[in-house]
Amino acid sequence: MARTRVRITSLLTLSAALFLTAACGNDPSPQDTKSEAGPQPQAKKPVVVVTTTWEGAFAKAAGAEDVKVIVPQSVHHAPDYDPKPSDLAAVAKADFVLYAPFEPYAAKIKEAAGSKAKLVEVNLDNDPDKVKAEVDKLGALFGTADAATRWKTGFDTEYAKLNKEVQAGWPGGRSPSVVTQVFTAWSAKLAGATPVGTYGPEAVTPAQLAELAAKKPELVLDNAHMSTGTVLPDSGAEQVKIVNYPGEDLDLLTVYRNAAAELKKAMGAS
């Protein structure tokens, strides 16, 4: 009988020990708790290399933070730039490379990108609908869609404000007739004006000159980066210099603010 009691006691002791061991094994240790509750590693921010500040502004608007521009902002006519070896080396280290198809060095950029970087062709046009479409596209590629959406909201607010201000300056309260260079049509839209003619990017021919002058435009919206001089001399039209490329801060909204200021000034003088 005594031997039986000893066996029962031993079994109870062993069961208790196993229960405690299992309990301890299931409870997270302080180190495990810290590991689960601690900060998780953040997703890697994409490295974006762009050919000019124009593509750079699109990338920034889409939420990119690490953006390297190849063509210096001081280069007035970006297509004339010849990329240096250091520029091409930067391209090879990028996650994304943004370029425009009309840039003559696009082939060099593509070759330097190799197999690592994703090449992204950007539609460089400051028309508001096209800008927002590009920002959406880039935000999806970069994984920064939320930032892109926030930027578009701010852009819509600012654009509406500038559009209203420019229209308030219409001479005689009516929309001015304008001729635009092909890459400045967006500024006519900002002014609420419908172009009566376009020209470029090549120099205006005598036949085009006669045709455009016959439209009797009040404003000529010239492209500051591809100007061929006075487009309609002796026509009485006020020529306005429109800048497409943003500055080194890559703030695309500044381009619209500057265009609005130039348009208001010109309409006040016409």
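Residues numbered from 1 in each chain as written. Predicted model: local features only at pLDDT ≥ 70, side-chain atom pairs only at ≥ 80, totals over all residues. Heavy atoms only, no water.

Undergrad: In this structure, what is going on with unusual backbone geometry? I would like to understand it.
TA: Both trends apply: most residues other than glycine have a negative phi, and most peptide bonds are in trans. Note the cis peptide between Gly200 and Pro201, where omega equals 0°. One non-glycine residue, Asp234, adopts positive backbone phi at about 65°. Along the chain, the position of Asp234 falls in the loop between β7 (219-223) and β8 (238-242). For Asp234, a relative accessible area of 86% translates into the label exposed. Positive phi, close to 55°, is recorded for Leu250, a residue that is not glycine. Tracing the sequence through the fold places Leu250 in the loop between β8 and α10 (252-269). A relative accessible area of 10% places Leu250 in the buried class. (Helix = DSSP H or I, 4+ residues; strand = E, 2+ residues; numbered from the N terminus. Buried < 20%, exposed > 50% of the residue type's maximum accessible area, 1.4 Å probe, protein only.)

Undergrad: I would appreciate a short explanation of the pattern of salt bridges in the present structure.
TA: Per the stated rule, a full pass over the model turns up 15 salt bridges. The salt bridge involving Lys264 is made with Glu165; its shortest N-O contact spans 3.5 Å. Of this pair, Lys264 sits in helix α10 while Glu165 sits in helix α7 (residues 145-168), and the two are 99 residues apart along the sequence. By relative accessible area, which is 35% here, Lys264 ends up partly exposed. For Glu165, a relative accessible area of 29% translates into the label partly exposed. Within this structure, Asp127, Asp129 and Lys189 form a network of salt bridges that share partners. (Salt bridge = Lys/Arg side-chain N within 4 Å of Asp/Glu carboxyl O.)

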